[in-house]
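Per-entry structural report
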Amino acid sequence: MDYQELAIPPSLRLSLPRESDTGELFALVQQEKARLSRHLSWPVLINDAKDTLANIRQNRADFADGRSAVYVVRWDDALAGIVSYNTINDKQAEIGYWLAAAYEGKGVMSRAVTALMEWYEAAGKLDTFIIRCGVANRSSNRLAQRLGFVFDYCQVRAEKIGDHYVDHNVYCRQYVNGSRG
Ligand SMILES: CC(C)(COP(=O)(O)OP(=O)(O)OC[C@H]1O[C@@H](n2cnc3c(N)ncnc32)[C@H](O)[C@@H]1OP(=O)(O)O)[C@@H](O)C(=O)NCCC(=O)NCCS
């Protein structure tokens, strides 16, 4: 298995970003920039399609090196957002995600994160998953809790977003011998 693409019928598909995704991905980030910037630090840095292309190239290089794994989320073939292993260390990975507003509130990201974890866990590639999110990021905290992640600790002043620091809730989900620990 090359871990480049996963289809979950009937609607969900996760794919490694391709250079040909640049225009569509750049346009979606511009469209969602104000909303995403409430909880993410990077959207303000994406101001030209060249920035998106550089990210896609970096994502593909990091995937090839086993450092991270970023996937485009498509719902009924339309680009809906991104789900990723932002870091991979041994069998532990930190998960990141964002969705366009049109796809929020439908369970799309819960399904994408579940599919991503099961994909790598079934093959024994990963067994420990971390989600870190701003304490005020209601949707992201609820997603972690919905998927059975256990609150681990709160990291004070974990990330600077715009002109202020946010504290992170750090959640963990662990598989031991094929079942959740
Ligand atoms: C975080 C984010 C991806 C969550 O999106 P989401 O759509 O709320 O997440 P889910 O896919 O888990 O969907 C859950 C919602 O869909 C509803 N839903 C409908 N059908 C569902 C189903 N089959 N399964 C699960 N939830 C379903 C749930 O009730 C829930 O809505 P609620 O929170 O109003 O109760 C999104 O808010 C986002 O992109 N935010 C901005 C970027 C960001 O904050 N990223 C995370 C940084 S840590």
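A brief look at the structure comes next. Not measured: the values here are computed from a predicted model.

Attention now goes to the site of the ligand. Around the ligand sit 20 residues in total, of which Gly107, Met109, Ser110, Cys133 and Ser139 are the nearest. Counting only elements with at least two residues in the shell around the ligand, the list comes to β5 (92-99), α3 (108-122) and α4 (138-146).

This part takes up the environment of alanine 112. Tracing the backbone shows alanine 112 in helix α3. A tally of 27 C-beta atoms within 10 Å means that alanine 112 is categorised as buried. C-alpha of alanine 112 to C-alpha of asparagine 86: the two residues are 26 residues apart in sequence and 15 Å apart in space. Residue contacts for alanine 112: discarding those within four places in its chain leaves Leu12, Leu14, Val73, Val83 and Tyr97.

We now examine the packing of helix α1 (residues 22-36) against helix α2 (residues 49-64). With their axes 9 Å apart at the nearest point, α1 and α2 run at an angle of 115° to one another. α2 is crossed by α1, and the crossing has right-handed handedness. Across the interface between the two elements, Thr22, Gly23, Leu25, Phe26 and Val29 of α1 pack against Ala49, Thr52, Leu53 and Ile56 of α2. In the contact of α1 with α2, the residues fall into six nonpolar, three polar and no charged.

Okay, α4 next. All of the buried residues along α4 are Ser140, Leu143 and Ala144. End-on, the buried residues of α4 take up no more than an arc of 95°, which puts them together on one face. Among the exposed residues of α4, those oriented more than 90 degrees off its buried face are Arg138, Ser139 and Arg142. For α4, the elements touching its buried residues are α3, β6 (128-134) and β8 (164-176). Following α4 by one or two positions, glycine 148 adopts a phi angle in the positive range, close to 85°.

The rules behind these values
- Residues numbered from 1 in each chain as written.
- Predicted model: local features only at pLDDT ≥ 70, side-chain atom pairs only at ≥ 80, totals over all residues.
- Near = placed C-beta within 6 Å.
- Helix = DSSP H or I, 4+ residues; strand = E, 2+ residues; numbered from the N terminus.
- Buried ≥ 20, exposed ≤ 12 C-beta atoms within 10 Å, placed from the backbone.
- Contact = placed C-beta atoms within 7 Å.
- Axes fitted to C-alpha atoms, helices over the stretch in contact; angles between N-to-C directions.
- Left-handed = near helix turned anticlockwise from the far one by under 90°.
- Nonpolar A, V, L, I, M, F, W, Y, C, P; charged D, E, K, R; others polar.
- Arc of directions from axis to C-beta.

Taken by themselves, the reported measurements are silent on function.
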